[in-house]
Amino acid sequence: MLELDLHKHFDNFHIQLQCSISHPFTAIFGASGAGKTTLLNMIAGLTNPNRGKIILETKILFDSDRGISIRPQHRRIGYIFQESRLFPHMSIRENILYGLKNLPKSEQRFQEKDVVETLGIGMLLDRTPKGLSGGERQRCALARALLASPSLLLMDEPMAALDRRTKLQFLHFLKQVQHDYALPILYVSHDVDNVLSFADDVLVMESGTRVAQGKPINVLSQTIRSRFPKSTDSTNYISAHIVEHRIEDGQSVVQSNGVSVCIPLIDKPVQSHVTLSLHTSEIMVSLHRPKQISARNVLEGIVQKITLRETRVLLTVDVGFSMSVDIARAALVDLNLQTGTTVFLIF
Amino acid sequence: MSSETHVIFLSFQVALLATLLILPAGIFFGWLLSRKQFWGKSFLDALINIPLVLPPVVTGYFLLVLLGPNGFLGAPLKEYLGVTLAFSWHGAILAGGIVSLPLLVRSVRVAIESVDRGLEDAARMLYATELSIFRRITLPLAIHGIVAGTVLAFARALGEFGATIIFASNIPGKTQTIPLAIFTLINQPGGESKVKVLVIASIVFAYFSMLINEFLIRKLHHART
C-alpha cells in the first residue's frame, strides 16, 4: 500500500527509514522526538525528504531521483492533527465541507449526512469551533478529513489532549469509521494501550529509524518492553482468543496458552483475537486458592522472578503465560515469597 | 469652501488614495516576508523599511531624482506617456504612499505571522490552492491586523511633510496638504487662527486613527484566543 524510503537531515537529527506499510491500521509507535510527526509530514507532502521515495498504491508521491514531488493538495491524503486545526472563523458545517467543496462531485465518496451521523456531530454543525470540547473538535476534524474522500488517513496522536473517557469514545468512532469506510489509517501514538486495541501492524521508531515492525503483541513483547520500559512495565498484555460469550452473566471467556480468563462481555465473534491489558497493581497474590471471592479470575502459577524496586516489588509469575504483579515490600516478607513458590493470582 | 476646509479635504483625498495605492503592495510584501524564505529577503526587508528611518526629505529627493521631469523614469514617463508626477497632486499621493508603506508592511507581516501556519497546512491537506488558502484562511484571520495597519498608514500619509514638499512642492490648492499649509501659515503674519484649526484637525485625525488601530489590534488578538 505504502512504500517508504526516506532520508531527511536536520542539524542534529537524521531520519533514515525504509519500510513498507500494507495493513489497514498501522500504528507508528515511539518516544517523542523519534521522528514520527516528521514522517507523517513527509508522507503528507508538508515537508519534503532530502532524498528517497514515497509510493502510495501505484502513485509516486515523491521520488528524488526522478525529480517528482507531488504537492500536498494533490496527494489525496487526509490528516488529523494533534490539535484538531479546525478553522476558527468558520462554522462546523463550513469546516467539514471545506475539503468536500474542493473535490469534483464524481470523486466524492462519502455523504455529508452519513459521516455526520456516524460521528454524532449533527448538533454541532451551526456552532463555531471555539466552544467545543477536545473530543468534539477531533470528531469534527475526522468528519472534515473523511468528507474529503482521502485514500489514506494520517493521524498524529489525535487523542493526546483527550481525557480517558473521551478517548474511549473517540476510539469507538474511529473503529466505526474504519469499519464503515474501509479507509487505511496510519496512526502515530505514544500510548501502548491505543496501539494494542487497534492496530494490525506496529512500526516502532527510535531516533529517526525503524527498530521493529510487526504484529502489535509480538513487537510489544520483543521490542517495546525492552526499549520503552516506562510505557509498558506497569501493564500486562496478554494475547488471547475468545472461547465463549456468557451473555446472561455479562461475561466473555478468553483463552491464552490453554488458560481461561473471564472478561466483561465484548462485542466480537468467538475465535476472534483479543489483547488483554491488565495493570500490574490490579492483581492480588495469595498462597492459597481463595474461596467465596468476588473476583472472577484465580490463576495458579509459579514465581519466576522477583524484582526489587524502591518501595515496591515486581513479581513475574508463570501461569501458563508470563504475568507481572506489583506488590508491596511488606507483602513479600509476610508471604515469604521466593522464586519457585506456588501462588494464586486474583483479578 | 474656506481655504482650511479645502486643505483638510485635499489632505484626506491624498492620504486615502496613497493608502489605496500601497494596499496591494503592502499585503503582498507583508505576506512574502512572513511566509516565504528566499535569497535576498533581508535586503528586501531593509529596502522596504528604509523610508521609516530615512529623513523624509531624503526620500523626497530620491523620488525627484527618479521620477522628476529629468529623472531616470520621470523623463521617459513624460516623453512617452505625457505623465508628470513631480510637483503635482499625483506626486503628493506617491510621496505619502512611499513613506507609509513600511508601516503597512510591518502591520500586515505581524498580522499574518499571528495566523497559525498549521491551519494553512490543514487547508492544503483539504486540496485548497495557495491562492484560496490566502483568500479563505490567512486573510480573514489576519484582517483586523491588516485593517489596523491600513489605518496607521493612512494616518502617516495624512501627516506627511518632508517627501511631499520636495517631490510635490507646496502649491496651494494643488499639493498643499495640512502639514504644508501649517508650515506656510506659521510664517505668515495673522495666520495663527487658521493654524489652530488645522492643528486641531490634525490632532483629532491622528488620535482617532490610533484609537481605531488599537481597537483592531485588540480584536486581532482576541480572535486568536
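These lines cover the structure that appears in this document, whether it is placed above or below. (Residues numbered from 1 in each chain as written. Chains lettered and ligands numbered in written order. Predicted model: local features only at pLDDT ≥ 70, side-chain atom pairs only at ≥ 80, totals over all residues. Heavy atoms only, no water.)

**Here's the deal with the overall build of chain A**
Under the convention used in this document: Secondary structure elements are defined from DSSP: runs of H or I of at least 4 residues count as helices, runs of E of at least 2 residues count as strands, and each element is numbered from the N terminus. For every residue, the accessible area obtained with a 1.4 Å probe (protein chains only) is divided by the maximum for its type, and the residue is called buried under 20%, exposed over 50%, and partly exposed between those limits. Only heavy atoms matter for contacts: two residues are in contact if any of them lie within 4.5 Å across the pair. For accessible areas, the Shrake-Rupley method is used with a probe of radius 1.4 Å. Any residue's cover is judged against the shown protein chains and nothing else.
Scanning chain A from N- to C-terminus turns up nine helices and 20 strands. Structurally, chain A occupies a C-alpha span of about 70 × 50 × 35 Å along its principal axes. Considering chain A as a whole, with its 347 residues, one finds that 51% of them fall into the buried category. Nonlocal contacts in chain A, meaning residues at least 24 apart in sequence, comprise 62% of its contacts between residues at least 6 apart. Accessible area of chain A: about 16600 Å², with a carbon and sulfur share of 48%.

**Some points on the side chain of B:Thr150**
Residue and element names in this part refer to chain B. Inspection of the secondary structure assignment puts Thr150 in helix α7 (residues 130–158). Residue classification places Thr150 among the buried positions, given a relative accessible area of 18%. With residues near it in sequence (within four places) discarded, Thr150 still touches Thr19, Leu23 and Leu104.

**What to know about the sheet that holds strand β13 (residues 251–256) of chain A**
Residue and element names in this part refer to chain A. As a reminder of what qualifies: In this analysis, strands are considered paired if DSSP registers two or more bridges between them. The angle between two axes is taken between their N-to-C directions and runs from 0 to 180 degrees, where each axis is a line fitted to C-alpha atoms and a helix contributes only its stretch in contact.
Spatially, the four strands line up as an open sheet ordered β14-β13-β12-β15, and their pairing is antiparallel. In the strand order of this sheet, the two ends are held by β14 (259–264) and β15 (273–279), each with one partner. Looking at each pair of strands side by side, their axes are set apart by 45° on average, direction ignored.

**Some remarks on a nonpolar patch on the surface**
Definition in use: Patches draw on residues past 30% relative accessible area with no salt bridge. Two like charges within 9 Å are joined, as are two nonpolar side chains (Val, Leu, Ile, Met, Phe, Trp, Tyr) within 5 Å. Put simply, a salt bridge is a Lys or Arg side-chain nitrogen that is within 4 Å of an Asp or Glu carboxyl oxygen.
A contiguous nonpolar patch, built from B:Tyr61, B:Phe62, B:Val65, B:Leu66, B:Phe72 and B:Leu73 and spanning about 620 Å² of accessible area, is present on the exposed surface. With respect to the helices and strands, the residue B:Phe72 is situated in the loop between α3 (56–67) and α4 (74–81).

**Here we look at the interface of chain B and chain A**
Spelled out, the test is: Take the accessible area each of two parts loses on contact, using a 1.4 Å probe, and add the two losses: that sum is the buried area. Here a polar contact means two N or O atoms within 3.5 Å. Within protein one must be a hydrogen donor candidate and the other an acceptor candidate, and residues neighboring in sequence count only if both atoms are side-chain atoms.
Counting residues at the interface gives 20 residues for chain B, matched by 25 residues for chain A. Taken together, the two surfaces of chain B and chain A that pack against each other cover about 2000 Å², and 65% of this comes from carbon and sulfur. Of all residues in chain B, the largest losses of buried area upon contact with chain A belong to B:Met125, B:Leu126 and B:Tyr127, amounting jointly to 43% of the total for that side. Along the contact surface separating chain B from chain A lie zero salt bridges. Between chain B and chain A we count seven residue pairs in polar contact (both at pLDDT 80 or more) in total. Among the elements of the structure, α6 (117–124) and α7 of chain B are those that each provide at least two residues to the side of chain B that touches chain A. The dominant element in the side of chain B that touches chain A, judged by the number of residues it contributes, is α7(B), at seven residues.

**Focus on the pattern of salt bridges**
Enumeration over the complete set of coordinates arrives at 13 salt bridges over all chains. As a salt-bridge pair, A:Arg93 and A:Asp126 come within 2.7 Å of each other at their nearest N and O atoms. Taken together, the residues span a long stretch of sequence, with A:Arg93 in helix α2 (residues 92–101) and A:Asp126 in the loop between α3 (112–119) and α4 (134–147) at a distance of 33 residues. A:Arg93 gets classed as partly exposed once you look at its relative accessible area, which sits at 32%. What you see here is one network of salt bridges that share partners, running through B:Asp45, B:Arg109 and B:Glu113.

**Some remarks on empty space enclosed by the protein**
The criterion, for reference: Within this scheme a cavity is a closed region of a 1 Å grid, computed over the protein atoms alone, that accommodates a 1.4 Å probe without allowing it to escape, whereas a pocket is open but has protein on both sides within 12 Å along at least five of seven lines; lining residues each have an atom within 4 Å of a point. Grid points are joined across faces, edges and corners, and a volume is the space filled by probe spheres set on the points. Only Asp, Glu, Lys and Arg are considered charged, only Ala, Val, Leu, Ile, Met, Phe, Trp, Tyr, Cys and Pro nonpolar, and every remaining residue, Gly among them, polar.
Here the structure, examined in full by the defined rule, presents two cavities of 30 Å³ or more. Estimated volume of the largest cavity: approximately 70 Å³. What lines the largest cavity is A:Gly78, A:Tyr79, A:Ile80, A:Phe81, A:Ala141, A:Arg144, A:Ala145, A:Ala148, B:Ala122, B:Met125 and B:Leu126. Elements with a contribution of two residues or more to the lining of the largest cavity: β7 (77–80) and α4 of chain A. Its residues assigned to classes, the lining of the largest cavity shows nine nonpolar, one polar and one charged. Lining the second largest cavity are B:Val14, B:Ala92, B:Gly96, B:Ala157, B:Leu158, B:Glu160, B:Thr164 and B:Thr177. Sorting the residues of the lining of the second largest cavity by element identifies α5 (89–113) and α7 of chain B as the ones contributing at least two each. When grouped by side-chain class, the residues that make up the lining of the second largest cavity number four nonpolar, three polar and one charged.

**Description of the packing of aromatic side chains**
Under the convention used in this document: A pair of Phe, Tyr and Trp rings is counted when the ring centres sit within 6.5 Å of each other, with Trp represented by its six-membered ring. The angle between the planes then sorts it: under 30 degrees is stacked, over 60 is edge-to-face, the rest tilted. Cation placement over rings: the criterion is NZ of Lys or CZ of Arg within 6 Å of the ring centroid and within 35° of the ring normal.
This model, assessed by the stated rule, comprises 13 aromatic pairs over all chains. With 6.3 Å between their ring centres and 40° between their planes, B:Phe28 and B:Trp31 make a pair best called tilted. Of this pair, B:Phe28 and B:Trp31 are both found in helix α1 (residues 3–35), three residues apart, which corresponds to roughly one turn of the helix. Given a relative accessible area of 24%, B:Trp31 falls into the partly exposed group. Following the ring pairs from residue to residue traces out a cluster consisting of B:Phe28, B:Phe29, B:Trp31 and B:Phe134. One cation-aromatic arrangement involves A:Arg85 over A:Phe81; the distance from NZ or CZ to the ring centre is 3.8 Å. Positioned above the aromatic ring of A:Phe87 is the side chain of A:Arg144, whose terminal nitrogen or guanidinium carbon lies 4.6 Å from the ring centre.

**Structural notes on the nonpolar core**
Stated formally: The criterion is simple. A nonpolar core is a set of buried Ala, Val, Leu, Ile, Met, Phe, Trp, Tyr and Cys residues joined through side-chain atoms within 4.5 Å.
Membership of the largest hydrophobic core comes to 61 residues, with the highest contact counts inside it found for A:Leu2, A:Leu4, A:Leu39, A:Ile43, A:Phe87, A:Leu154 and B:Ile137. For this core, the element with the highest residue contribution is α7(B), accounting for seven residues. Residues A:Leu162, A:Val177, A:Val192 and A:Leu220 belong to the second largest nonpolar core, which totals 47 residues.

**Looking at the packing of α6(B) against α7(B)**
How two helices sit against one another is set out by the angle between their axes and by the gap between those axes. Residue and element names in this part refer to chain B. Here is the rule we go by: Crossings are classed by handedness, with left-handed meaning an anticlockwise turn of the near helix from the far one by less than a right angle and right-handed meaning a clockwise turn.
Where α6 contacts α7, the two axes come as close as 10 Å, and the packing angle between them is 145°. As for how α6 packs across α7, the hand of that crossing is right-handed. Contacts from Leu119, Glu120, Ala123 and Arg124 of α6 reach α7 at Glu130, Ile133, Ile137, Thr138 and Leu141. Looking at the contact of α6 with α7 residue by residue, the class counts come to five nonpolar, one polar and three charged.

**With respect to the sheet that holds strand β19 (residues 322–328) of chain A**
Residue and element names in this part refer to chain A. Strand order in the open sheet formed by five strands is β16-β20-β17-β18-β19, and the pairing between neighbours is antiparallel. Whereas interior strands pair on both sides, the edge strands pair on one side only; in this sheet they are β16 (284–286) and β19. Taking each pair of neighbouring strands and ignoring which way they run, the sheet shows an average axis angle of 45°. Strand direction decides the pairing type here: strand β17 (residues 298–308) and strand β18 (residues 312–318), joined by six bridges, are antiparallel. Counterpart to Lys305 in the pairing with β18 is Thr316.

**Digging into unusual backbone geometry**
All names here are of chain A. Even without glycine at this site, Glu157 takes up a positive phi of about 40°. In this fold, Glu157 is placed in the loop between β8 (152–156) and α5 (164–181). The phi dihedral of Asn257 is positive, around 50°, even though this residue is not glycine. Tracing the backbone through its elements, the reader meets Asn257 in the loop between β13 and β14. Look at Asn257 and you get exposed, because its relative accessible area is 63%.

That is the geometry; function is a separate question.
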